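A look at the structure
Chain residues, written in single-letter form:
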Amino acid sequence: EEKVWNKKYAAETRQWASIRAQTLNRTVSGMMYYEKALRLLANMERLDEDTTNDLMGEKFGYIVSCQVYGQQKKDQDPKAEDIENLMHRFPHMRVAYIDSVRDIRSGQMAFYSCLVKSHSNEIQEVYRVRLPCNPILGEGKPENQNHAMIFSRGEFVQTIDMNQDGYFEEALKMRNALQEFAKRDGPMPITILGLREHIFTGSVSSLANYMALQETSFVTLGQRVLTKPLCIRLHYGHPDVFDKLFFITRGGISKSSKGINLSEDIFAGYNNAIRGGQVAFKEYIQVGKGRDVGMSQIYQFEAKLSQGAGEQSLS
């Protein structure tokens, strides 16, 4: 017990506590299992270390879209330091954020979309893209996703919320899951691959258990029927995998108009259906997810769903 409160072990104690809650550290640690899984698969195919390291940069990249990181760094907020520690721990992790700089001559603010990484234990800027204005005009989350999309590589993008988690044994299956895009069950190409979720907060309280049961029934039984035989499954949130080339040429993966796109995920599904895409749903791979555990959180979540449904009917 003395070691827990000892300043020498403060960082380890904080890390231990954070991976037992719904935190960014837990999400990043879980998603970086994809890198470990790829290294294991490369090792099984007897690739040498240099080739494996080169392949890591080509096959997998993880971008955390944190629009307030630049402001936190200017304010010397300890949260910015914690994000930097995550980048040092996971060198293939990148952070995308929005930076604002005041022009001395004109006095106007200039906005930039920036990407940073850890190199030799220092934070290094990779890209800085000038934006015409402040990009956060509508809902925060979809604007955050769309501004970071330009920094992603590869043909497919998996969108992950901050309250999610990953598992090593599930990461091993991603290589097979991506082959689902090569299949063609019907006349249209598969452009969204839906995955199921495992709710890890069910044991917190009786209310959390109720939410876990409700969510589990939706991400298994509900979506299974919506996919087959109804063929009307859309996109209901993360951790779906997108065909990136299809979506970035058709308006992005999120709609972000204020108010009307409150349930931003479903509009990606609408967009996909209207523009000739198809949604597949597979249950052999899953991603961890934390759900609401208190009465006020559950109430707010249900209110958001009902407001979002109203806005959908208006649109």
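The following refers to the structure shown.

1. Regarding the sheet that holds strand 2 (residues 93-102)
Ordered by their spatial adjacency, 4 strands build an open sheet running 1-2-3-4, and the pairing between neighbours is mixed. Every other strand in the sheet has two partners, leaving strand 1 (62-65) and strand 4 (122-131) as the edge strands with one partner each. Across the sheet, the axes of successive neighbouring strands diverge by a mean angle of 30 degrees, strand direction being ignored. The sheet contact formed by strand 1 and strand 2 spans 4 bridges and is parallel. Within the sheet, the bridge partner assigned to Val64 lies in strand 2 and is Val95. Taken strand by strand, helix 7 (residues 78-89) contacts strand 2, strand 3 (109-119) and strand 4, and its axis lies near 140 degrees from that of strand 2. Across the face of the sheet, helix 8 (residues 140-148) comes into contact with strand 1, strand 2 and strand 3 while running at roughly 140 degrees to strand 1.

2. Structural notes on the pattern of salt bridges
Under the defined criterion, the tally for this structure stands at 21 salt bridges. Put simply, Asp240 and Arg233 hold a salt bridge, and the shortest N to O gap is 3.3 Å. A network of salt bridges, in which partner residues are shared, links Lys141, Asp161, Glu197, Glu264, Asp265 and Lys289.

3. Here we look at helix 4 (residues 33-44)
Between its terminal C-alpha atoms helix 4 stretches 16 Å, which fits the 16 Å expected from 12 residues at 1.5 Å a residue. Buried residues of helix 4: Tyr34, Glu35, Ala37, Leu41 and Ala42, and no others. Across the axial projection of helix 4, the buried residues extend over an arc of 160 degrees, all falling on one side. Set apart from the buried face of helix 4 by more than 90 degrees, the exposed residues are Asn43 and Met44. Packing partners of the buried residues in helix 4 comprise helix 3 (24-31), helix 5 (49-59), strand 5 (156-158), helix 9 (168-171), helix 10 (174-177) and strand 9 (278-289). Positive backbone phi, approximately 60 degrees, marks Arg46, located one or two places after helix 4.

4. Focus on empty space enclosed by the protein
Tallying each qualifying case throughout the model produces 1 cavity of 30 Å³ or more. Each pocket or cavity is described by its volume, and for the largest cavity that value is around 60 Å³. Lining the largest cavity are Gly30, Met31, Tyr33, Tyr34, Asp165, Gly166, Tyr167, Glu170, Ala171, Gln286 and Val287. When residues of the lining of the largest cavity are traced back to their parent elements, those giving at least two are helix 3, helix 4, helix 9 and strand 9. Tallied by class, residues from the lining of the largest cavity come to 6 nonpolar, 3 polar and 2 charged.

5. A few points about the pairing of strand 2
Burial analysis of strand 2 places 7 of its 10 residues in the buried class, which makes it a mostly covered element. Both strand 2 and strand 3 contribute to a ladder of 8 bridges, which runs antiparallel. Bridged to Ala96 within strand 3 is Leu115. Linking strand 2 back to strand 3 in an antiparallel pair, the connection comprises 6 residues, with Gly107 at a positive phi of about 80 degrees.

6. Considering the packing of aromatic side chains
A complete count under the given rule lists 9 aromatic pairs for this structure. On the numbers, 4.9 Å between centres and 90 degrees between planes, the contact of Phe242 with Phe247 is edge-to-face. Comparing Phe242 with Phe247 shows no difference in burial state: the two are buried. Where Phe246 meets Phe247, the ring centres are 5.4 Å apart and the plane angle is 70 degrees; that geometry is what we call edge-to-face. The pair formed by Phe246 and Phe247 is uniform in burial state, with each residue classed as buried. Across the ring face of Phe200, the terminal group of Arg26 is positioned such that the distance to the ring centre comes to 3.7 Å. Sitting above the plane of the Tyr112 ring, Arg128 keeps its charged end 4.9 Å from the centroid.

Thresholds, definitions, all that
- Residues numbered from 1 in each chain as written.
- Predicted model: local features only at pLDDT ≥ 70, side-chain atom pairs only at ≥ 80, totals over all residues.
- Heavy atoms only, no water.
- Pairing = 2+ DSSP bridges.
- Helix = DSSP H or I, 4+ residues; strand = E, 2+ residues; numbered from the N terminus.
- Axes fitted to C-alpha atoms, helices over the stretch in contact; angles between N-to-C directions.
- Contact = heavy atoms within 4.5 Å.
- Salt bridge = Lys/Arg side-chain N within 4 Å of Asp/Glu carboxyl O.
- Expected span 1.5 Å × (residues − 1).
- Buried < 20%, exposed > 50% of the residue type's maximum accessible area, 1.4 Å probe, protein only.
- Arc of directions from axis to C-beta.
- 1 Å grid on protein atoms, 1.4 Å probe; cavity = no way out; pocket = protein on both sides within 12 Å on 5 of 7 lines; lining within 4 Å.
- Points joined across faces, edges and corners; volume = space filled by probe spheres on them.
- Nonpolar A, V, L, I, M, F, W, Y, C, P; charged D, E, K, R; others polar.
- Phe/Tyr/Trp six-rings, centres within 6.5 Å; stacked < 30°, edge-to-face > 60°.
- Lys NZ or Arg CZ within 6 Å of the ring centre and 35° of its normal.

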